[in-house]
Amino acid sequence: MPCLFLMHPKPNLFLGKSRIGNIVHPNKHVIRPLSSDNAPSPMVTEFISKQCWKSLKAHLQSASPITLLQQLLDSKTDPDLTLRYFKWSEKEFNLSHSLELGCKLLHSLAYAKRYSKMRSFLHGFVKNENSISVSSIFHAISISGESFCANSIIADMLVLAYVENMKVRLGFEAFKRAGDYGFKLSVVSCNPLLSALVKDDKIGDVEYVYKEMIRRRIEVNVISFNIVINGFCKVGKLNKASDVIQDMKACGVLPNVITYNTLIGGYCKKGRIGKMYKADAILKEMVANEVRPNEITFNILIDGFCKDDNLSAAMKVFEEMQTQGLKPNVVTYNSLINGLCSEGRLDEAIGLLDEMLGLGLKPNIVTYNELINGFCKRGKMKEATDLFDDILEKGIGPTVVTYNTLIDAFCKDGRMKEAFAMRESMVERGICPNVTTYNCLIAGLCREGKITVVRKLINEMLTKGLKVDVITYNILVGALCKERESRKASRLLDEMIKRGLRPNHVTFNTLMDGYCREGNLRAALNVRTQMEKEGMRANVVTYNVLIKGLCKKGKLEDANGLLNEMLEKGLIPNRTTYEIVKEEMVDKGFVPDIEGHLYSISGR
């Protein structure tokens, strides 16, 4: 085992030839800092108590600052005084006391129940110390005191200090070391650690800490369970989240409204068929367990149904919310307005805006962004710009989302001059264009075939420190394919891979479509092979593109084979699939040989 030094001097510990222990005033009578029994003299403790640091420094002759600290600790002097001296001596003599002495001080503070001072001490230590390993700290804790309770308190506070100082990895390591030494931790440190790990998406570590807490018999509370449930929901592991609720019940901890809200939110965000049915079932379980839903519960459900394109169900929840005596807030109305705008029911959306105002609720920029987006999607640019002017008059600050929505709409409407003017407006207001802003403009320019201007815009974007993303490349690939330049588009695909960007289905499908339109089926099929090598399976759009490409080349049997392959893989044909089969096969006298699917095809 390596030797533990009593003192770790900093580089400027010695000044010239004069040692710290000999710094005394020449005309002062020397008083020895230690009494005959090697305990600090009463005068020394009085100096520390009254913070007479000059006097103490002048009389520190027969012992080093380290020796005095050791004596203060061994004699069980008031730990408040020892701590005061510890801090002063480090600052005054520019030294770092040993880890062992620091741990002994922590033990003395623990015995005296000076918990706030222990937390402050450890917070400062963790904040400023980067060279001492967690294992060394735990070794020092274990050899500096024999009290299991004191050791556990110090370990608990150490874990918390790491988390509070944003050193989550070290906090996690300290949690594991505490288990190795058998020190007992508490939810005071474990809950913040769980929260930090969830925030960092370290769900594997979250699960480890949670299981260890149960195994070590740390008293887990409802907050602990809720944090773990949130972590599982965040990464879509909803079955594991549900299992935690069963653990709660087994531990005699009752789920509360936050527990159920978190799980309901997890299902609403999952984006899976039947998700809202499950969310609604959890609501029923919640009510059956006599946990009263709150505004957040209803807002989560309303937003979930709106995003699931089930506006009628969202409206029913909205009505139920009011029946329960709960008042809808801005979040509630924003979800409903977004749902109405998505369905093109703009008059009703404006009606809800008026209802909000009538209730004294103040619409925020999210409200207006949704309405502006709704108008833009329906091509109602005058209404969109009028609403934009209205929010400026009301003093509501537009965001980058507001501007991007309008810029995108102008670009799609072929009004590039207005799009660029809107970009200048956002810059003047101190809002920096982001990658989405440039992607909208690049797409608009590509539609007009202005590739030279596109290059200039990309250079400008890079100059401003923004990086092109997958969407940027998809736009460029699409533009080149449209111009029957699929080989050049293919080179862009290679370029994006070299840049570390992962092409998505849109990238590959667009390139396949480009080759098919040029009649180069071999190249299109090669792109599919490349896509599958990248770990992406062909989707419905992939099959639609290739089936249509084969049909255009008169290879109907091959197209029929791909159609069968698609169905065998469990992919569900969409409207485009049926249109291709009807127009490119059935209408031309070719009846696809798909057993069990003929009725569906002919009936569409």
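Here, the structure is the one placed above.
Not measured: the values here are computed from a predicted model.

A. Structural detail: the overall build of the chain. Within the chain one finds 33 helices and two strands. Over its C-alpha atoms the chain spans a radius of gyration of 35 Å, topping by over 25% the 25 Å that the globule rule assigns to 604 residues. Along the first, second and third principal axes, the C-alpha atoms of the chain reach 115 × 60 × 55 Å. The buried share among the 604 residues of the chain stands at 46%. In the chain, the proportion of contacts linking residues at least 24 apart, taken out of those at least 6 apart, comes to 64%. Of the roughly 32,000 Å² that the chain leaves accessible, carbon and sulfur atoms contribute 52%. Averaging the locations of the 83 positively and 68 negatively charged side chains of the chain gives two centres separated by 7 Å.

B. Looking closely at the packing of aromatic side chains. Enumeration over the complete set of coordinates arrives at 12 aromatic pairs. Between the aromatic rings of Tyr-210 and Phe-225, the centroid separation amounts to 6.1 Å while the plane-to-plane angle is 75°, which identifies the pairing as edge-to-face. Residue Tyr-210 is located in helix H11 (residues 203-215), and its partner Phe-225 is located in helix H12 (residues 222-234); the two are separated by 15 residues in the primary sequence. Judged by relative accessible area, Phe-225 falls into the buried class, the value being 0%. Chaining the aromatic ring pairs together yields one cluster made of Trp-53, Tyr-85, Trp-88 and Phe-93. The ring of Phe-175 carries Arg-216 above its face, with NZ or CZ at 4.1 Å from the centroid.

C. Up close: helix H27 (residues 486-498). For H27, with 13 residues, the first-to-last C-alpha span of 19 Å sits near the 18 Å given by 1.5 Å per residue. Those residues of H27 not exposed but buried are Ser-486, Ala-489, Ser-490, Leu-492, Leu-493 and Met-496. End-on, the buried residues of H27 take up no more than an arc of 155°, which puts them together on one face. Facing away from the buried side of H27 by over 90 degrees, the exposed positions are Arg-487, Arg-491 and Lys-498.

D. Representation of unusual backbone geometry. Of note, the phi angle at Lys-76 is positive, near 55°, even though the residue is not glycine. Within the fold, Lys-76 resides in the loop between helix H3 (65-74) and helix H4 (79-92). With phi around 60°, Lys-113 is a residue other than glycine that occupies positive phi space. Residue Lys-113 is classed as exposed on the basis of its relative accessible area of 60%.

E. Spatial organisation of a positive patch on the surface. Together, Arg-455, Arg-487, Lys-488 and Arg-491 make up a region of like positive charge exposed at the surface. Here the element with the most residues in the positive patch is H27; it accounts for three residues. Inspection of the secondary structure assignment puts Arg-455 in helix H25 (residues 451-463).

F. Just the packing of helix H20 (residues 365-377) against helix H21 (residues 381-393), in detail. Running from N to C, H20 and H21 cross one another at 160°; their axes reach a closest spacing of 7 Å. Our classification of the angle between H20 and H21 gives roughly antiparallel. By crossing handedness, the relation of H20 to H21 is classed as left-handed. Where H20 approaches H21, its residues Ile-365, Tyr-368, Leu-371, Ile-372, Phe-375 and Cys-376 are matched on the opposing element by Met-381, Glu-383, Ala-384, Leu-387, Phe-388 and Ile-391. In terms of residue class, the contact of H20 with H21 is made up of 11 nonpolar, no polar and one charged.

Rules behind the numbers
Residues numbered from 1 in each chain as written. Predicted model: local features only at pLDDT ≥ 70, side-chain atom pairs only at ≥ 80, totals over all residues. Heavy atoms only, no water. Helix = DSSP H or I, 4+ residues; strand = E, 2+ residues; numbered from the N terminus. Rg over C-alpha atoms; globule rule 2.2 N^0.38 Å. Buried < 20%, exposed > 50% of the residue type's maximum accessible area, 1.4 Å probe, protein only. Contact = heavy atoms within 4.5 Å. Areas by Shrake-Rupley, 256 points an atom, 1.4 Å probe, with all protein chains shown as cover. Lys, Arg positive; Asp, Glu negative; His and termini not counted. Charge placed at Lys NZ, Arg CZ, Asp CG, Glu CD. Phe/Tyr/Trp six-rings, centres within 6.5 Å; stacked < 30°, edge-to-face > 60°. Lys NZ or Arg CZ within 6 Å of the ring centre and 35° of its normal. Expected span 1.5 Å × (residues − 1). Arc of directions from axis to C-beta. Patch = residues over 30% accessible without salt bridge, like charges linked within 9 Å, V, L, I, M, F, W, Y side chains within 5 Å. Salt bridge = Lys/Arg side-chain N within 4 Å of Asp/Glu carboxyl O. Axes fitted to C-alpha atoms, helices over the stretch in contact; angles between N-to-C directions. Parallel < 35°, antiparallel > 145°, perpendicular 65-115°, else oblique. Left-handed = near helix turned anticlockwise from the far one by under 90°. Nonpolar A, V, L, I, M, F, W, Y, C, P; charged D, E, K, R; others polar.

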